[in-house]
Amino acid sequence: MPLNSNLVGKLFDSMELKEKVSAKTPNTSGDEKLETLRQKVTSSFVNGQWLCPEPLKKSPWIHQEASFADKPYWHNYESLGQWSGLPSEIRKQHLRDVAELFSKRGSELVEFEEALYAAPAETLLKEVLPFLVEYWQYYSGWAALEDPQNRQYYASGSVVIDVRQSKFPLLEASFAAAPALAAGCVITVLGHRRLESLLYLASLAKLPAGVFNVVVTNGPSNPPEAVIGRPVAVFGPIKTTKESDELFNSESTFYLRGRSNMLIMSHADFEGAARALLHETTKRANFSFWPVSEVLVQEHLYQPFVSYFQKLFPTEPINSKSWSDSAINKVRKFANDEGLKLLESSEAVILIGGRFEEPMLSEFVEDGPYVVGLLPVRSLNEAVTIVNSRPRILSASVWTQDGPLASQAASGIKAPIVWINQHGKLPSPSSGIGSTIYSGFGQWGGKNGLLNFKQWRPTVCDKGAHRFESKWSENADSSLRRLDMFVNGKILQAASAKVLIGRNEKPFATVGLPNNKEVSTAVSAGLKAFQSWSVFSQPSRADALEKLGTALAKSEVSYAKLLNDFGVEGDKIAACECKASIQALTKWCAKATTSQVLEGHIEGKCSTYPVPVGIVAVCGPIDSLSALISLITPALLAGNCVLVSASPRDALVALHLAQVGSALPAGVLNVVGPGAQADFAAHPEVGAVWVGFRDVTKLVSDRPKKVWRVDWACLDNCPDEYFVHNCTSCKSVFSAD
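Each value, and the rule that gives it
Residues numbered from 1 in each chain as written. Predicted model: local features only at pLDDT ≥ 70, side-chain atom pairs only at ≥ 80, totals over all residues. Heavy atoms only, no water. Helix = DSSP H or I, 4+ residues; strand = E, 2+ residues; numbered from the N terminus. Areas by Shrake-Rupley, 256 points an atom, 1.4 Å probe, with all protein chains shown as cover. Phe/Tyr/Trp six-rings, centres within 6.5 Å; stacked < 30°, edge-to-face > 60°. Buried < 20%, exposed > 50% of the residue type's maximum accessible area, 1.4 Å probe, protein only. Expected span 1.5 Å × (residues − 1). Axes fitted to C-alpha atoms, helices over the stretch in contact; angles between N-to-C directions. Parallel < 35°, antiparallel > 145°, perpendicular 65-115°, else oblique. Left-handed = near helix turned anticlockwise from the far one by under 90°. Contact = heavy atoms within 4.5 Å. Nonpolar A, V, L, I, M, F, W, Y, C, P; charged D, E, K, R; others polar. Arc of directions from axis to C-beta. Pairing = 2+ DSSP bridges. pLDDT = per-residue confidence, 0-100. Salt bridge = Lys/Arg side-chain N within 4 Å of Asp/Glu carboxyl O. Core = buried A, V, L, I, M, F, W, Y, C linked by side-chain atoms within 4.5 Å.

### Some words on the overall build of the protein chain
Working step 1: Of regular secondary structure, the protein chain possesses 23 helices and 30 strands.
Working step 2: Surface exposure of the protein chain reaches about 27,600 Å², of which carbon and sulfur atoms provide 50%.

If you want it as structure tokens, here you go:
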């Protein structure tokens, strides 16, 4: 169901707050209206009831949960079974009832936002609530299509929606709650502040007990031990590396708050751009999904733009209640030391001619005043290069009346959202919102929003599964054959190695074991190759993969000999595996030849299409060549480069692939020996990790990644869309009306 485009562009204007959200506490005046509202929401709402029916008599007014990880409400498996087993039409009606709540009783939700947080009621009623109505209605339609007896997918489980760092929990929790419930999951929202309207919604929704829970925690950054192994959606910045590591071990979907750039190029309406910047730095300063951090203006427009913007900008001291004096003075000192002019408003500061680095960037913490750098650039290429070098950029707007120039900018910018001659509009539910490797991974909207909370249901079969059950020895033997890693189109000898023992219990081969440096070399090779591979057309990539198929066919004899020497039925296995591998590869190449691997979506002035995540690392107990080919082929055709770590249990599968990898351009496919899973997961430039269910709990990363906990059983039964979903994000481009 399409959204009102005018509504979406104004979505966050409604959240005009007096202070930074993380520093706010509710208005503590004791008038009757506040007292009445506080009687309505007293505590966490779990299993269809309030945990503490009586409200507190003083701040924080709502009972907060300490040590919530130990509470029994995490184990709501009975509710999950009941909800996921409901007929699809009943789930649809429940979601439509929630949408109707926003429509008919939204004024009651607005009362909380207005009375406690000074949000403008008229704007909420006219703009935000209609958006939420349409969003929930859209996913009620998907709920109607979800058949509980569908053997392809099942609900991921009990989903945790973490809005402890969110600026508007009612809105942001809905982004995950609607598709999660439509998918058959039950949800528990973790929050800390500004939860009154969300709690009241949960109490009004009348969903079956345990389906919609809201837990009020006693801090914004409690450790999330309770969510390990659960599906998690996180809104807001991750506060600590420890928290990121633990969330990596869940089925996590991140949407971290990022930044936005504005590019003002030749033939731009720079006055319109200046007014848009003013809007972002005043009305939306501290509650936008994508606050502007940098404005890049082409040289010949720079001075006119600065002069016009200065006339518009309401110069006043920055709000000392929102930020500490030390943080504000740090920015002022920087401007003084660099000889830069500083414009201050109540909620933002503008640096004319310079850029202030965000503190603690690597830990995703937003600490300090909202600072916008305004800089001249020589050309579009320079501007795009700058934007793509900023790790936390989630969006950008391009201002120019030159159509080809706008198209060039939109295609060159890597940010998942690009606006043309406007700033801040959100996609419709049927399109999508994407994110990037340094700002978290999440796809909201359309079927991808639903797939965040679905698991593929594998069909167990024997096709292609030939477990070798490898054994290893530490004793080196230089007389044995060597099986080494394949990196950047070449076979390279690893610094260390182990001896693989054959089925006859005798040493069979020396296998190279990659160290951290060698893994980094493989990642670097993939990143270099990605620059050209990702811009190839789908048919061109299919042509390259067909060469790999030819090489696989020719390798059947050598693969059979390798397996025979190892001590298994090499002729039979090689014939079966090479045939199944070529079938899988041929199927995918046929789709790519007609550009059906990555299919876009156009709705009105918005076009949305999937984009590769970059580097996909495949590691786990891959027990057949056909399973490995079934995994890497869609990832490669989607424009990614792939790293494979051989399974310690079935090492010969990946090590044989290394012998034929030269059929592809150098760096597109890299294969290393066993033991690289941890290094793959920890590497900041790896965008996705596909790993076995048991292995994922052993891996940590201080960067969010797309994690697919793969069940390796008969992958040729896995829906094509699920492969693509797990190796892509999405990009949306909006043109002005």
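### Quick notes on the packing of aromatic side chains
Working step 1: Across all of its chains, the model carries 18 aromatic pairs by this definition.
Working step 2: With centroids separated by 6.1 Å and ring planes inclined at 55°, the aromatic side chains of Phe-131 and Phe-175 adopt a geometry described as tilted. Note that Phe-131 is positioned in helix 6 (residues 121-145) and Phe-175 in helix 7 (residues 169-182), a separation of 44 residues in sequence.
Working step 3: Judged by its relative accessible area of 3%, Phe-131 is buried.

### A look at helix 7
Working step 1: Taking 1.5 Å of rise per residue, the 14 residues of helix 7 would be expected to cover 20 Å, and the 19 Å separating its terminal C-alpha atoms lies within 8% of that figure.
Working step 2: Summarising burial for helix 7: 14 of the 14 residues are buried, a large majority.
Working step 3: Taken from the residues just after helix 7, Gly-184 is the one with a positive phi, measuring 100°.

### Some points on the packing of helix 17 (residues 538-554) against helix 19 (residues 570-593)
Working step 1: One way to put it is that helix 17 packs onto helix 19 with a least axis distance of 9 Å and a crossing angle of 165°. Considered as vectors, helix 17 and helix 19 are oriented roughly antiparallel to each other. As for the relative orientation of helix 17 and helix 19, their crossing is left-handed in sense. Contact residues: helix 17 offers Gln-538, Pro-539, Ala-542, Leu-545, Glu-546, Leu-548, Gly-549, Leu-552 and Ala-553, while helix 19 offers Cys-578, Ser-581, Ile-582, Leu-585, Cys-589, Ala-592 and Thr-593.
Working step 2: Here the residues of the contact of helix 17 with helix 19 sort into eleven nonpolar, four polar and one charged.

### Looking at helix 2 (residues 32-40)
Working step 1: All buried positions along helix 2 are accounted for by Leu-34, Leu-37 and Arg-38. Looking straight down helix 2, one finds its buried side chains confined to an arc of 100°; they lie on one side.
Working step 2: Buried positions along helix 2 lie against helix 5 (106-117).

### Description of the sheet that holds strand 17 (residues 471-473)
Working step 1: With respect to topology, four strands assemble into an open sheet ordered 17-21-22-18, the strand pairing being mixed. The open sheet has two edge strands, strand 17 and strand 18 (481-483), and neither has a second partner. The average angle at which neighbouring strand axes cross in this sheet is 40°, direction not considered.

### Let's talk about the sheet that holds strand 30 (residues 728-735)
Working step 1: A sheet is described by the order of its strands in space; here ten strands give the open sequence 11-12-13-10-9-14-15-30-24-23, paired in mixed fashion. Strand pairing shows two members of the sheet lacking a second neighbour, strand 11 (341-344) and strand 23 (601-603), which therefore form its edges. The average undirected angle you get between the axes of adjacent strands in this sheet is 20°.
Working step 2: Both strand 12 (residues 348-352) and strand 13 (residues 370-377) contribute to a ladder of five bridges, which runs parallel. Paired with Ile-350 across the strands is Val-372, a residue of strand 13.

### Some remarks on the confidence of the model for the protein chain
Working step 1: Residues of the protein chain with pLDDT of at least 70 account for 80%, and the chain-wide mean is 82.
Working step 2: Confidence over residues 1-30 falls short of pLDDT 50; this stretch has 94 contacts with residues more than four positions distant or in other chains.
Working step 3: Scored below 50 in pLDDT, residues 460-465 shows 13 contacts in the model against residues more than four places distant or in partner chains.

### Section: the packing of helix 18 (residues 556-566) against helix 21 (residues 651-660)
A pair of packed helices can be characterised by two numbers: the angle between their axes and the separation between those axes.
Working step 1: Between helix 18 and helix 21, whose axes approach to 11 Å, the crossing angle comes to 145°. In this structure, helix 18 crosses over helix 21, and the sense of that crossing is right-handed. Contacts between helix 18 and helix 21 involve Ser-558, Tyr-559, Leu-562, Leu-563 and Phe-566 from the first element and Leu-652, Val-653 and His-656 from the second.
Working step 2: Within the contact of helix 18 with helix 21, the residues separate by chemical class into six nonpolar, two polar and no charged.

### Digging into the pattern of salt bridges
For side chains of opposite charge, pairing can occur when their charged atoms come near one another.
Working step 1: With the rule as written, the count across this model stands at 18 salt bridges.
Working step 2: With a closest N to O distance of 2.7 Å, Arg-482 and Asp-484 form a salt bridge.

### Let's talk about the side chain of Gln-298
Working step 1: When you line up the elements, Gln-298 lands in strand 10 (residues 292-298).
Working step 2: Overall, the relative accessible area of 12% leaves Gln-298 in the buried class.
Working step 3: Among residues more than four places away in sequence, those in contact with Gln-298 are Ile-264, Met-265, Ser-266, Val-377, Arg-378 and Ser-379.

### A word on the nonpolar core
Side chains of nonpolar character tend, in soluble globular proteins, to be buried together.
Working step 1: In this structure, Leu-545, Val-618, Leu-628, Ile-632, Val-644, Trp-690 and Trp-708 are the most contacted members of the largest nonpolar core, which totals 88 residues.
Working step 2: Among the elements that make up this core, the one with the highest residue count is helix 20 (residues 625-637) (nine residues).
Working step 3: For Ile-632, the contacting residues outside a window of four places in its chain are Val-618, Val-642, Val-644, Leu-657 and Leu-669.
Working step 4: Core analysis: the second largest hydrophobic core is formed by 78 residues, Val-98, Phe-102, Phe-131 and Phe-168 among them.

### Here's the deal with the environment of Gly-258
Working step 1: Secondary-structure assignment places Gly-258 in the loop between strand 8 (251-255) and strand 9 (259-264).
Working step 2: Exposure remark for Gly-258: the relative accessible area of 0% places this residue in the buried category.
Working step 3: Here the alpha-carbon distance between Gly-258 and Val-292, two residues 34 residues apart in the chain, equals 9.4 Å.

### Some points on unusual backbone geometry
Working step 1: Residue Pro-60 follows Ser-59 across a cis peptide bond; omega there is 10°.
Working step 2: Although it is not a glycine, Asn-47 adopts a positive phi angle of roughly 55°.
Working step 3: Topologically, Asn-47 is positioned in the loop between strand 1 (45-46) and strand 2 (49-50).
Working step 4: Although it is not a glycine, Trp-61 sits at a positive phi angle of roughly 75°.

### Description of the pairing of strand 22 (residues 507-513)
Working step 1: Burial analysis of strand 22 places six of its seven residues in the buried class, which makes it a mostly covered element.
Working step 2: The pairing of strand 18 with strand 22 spans three bridges and is classified as parallel. In the strand pairing of strand 22, Arg-482 is matched with Thr-510.
Working step 3: Judged from the six bridges that link them, strand 21 (residues 496-501) and strand 22 form a sheet pairing that is antiparallel. Bridged to Lys-498 within strand 22 is Val-511.

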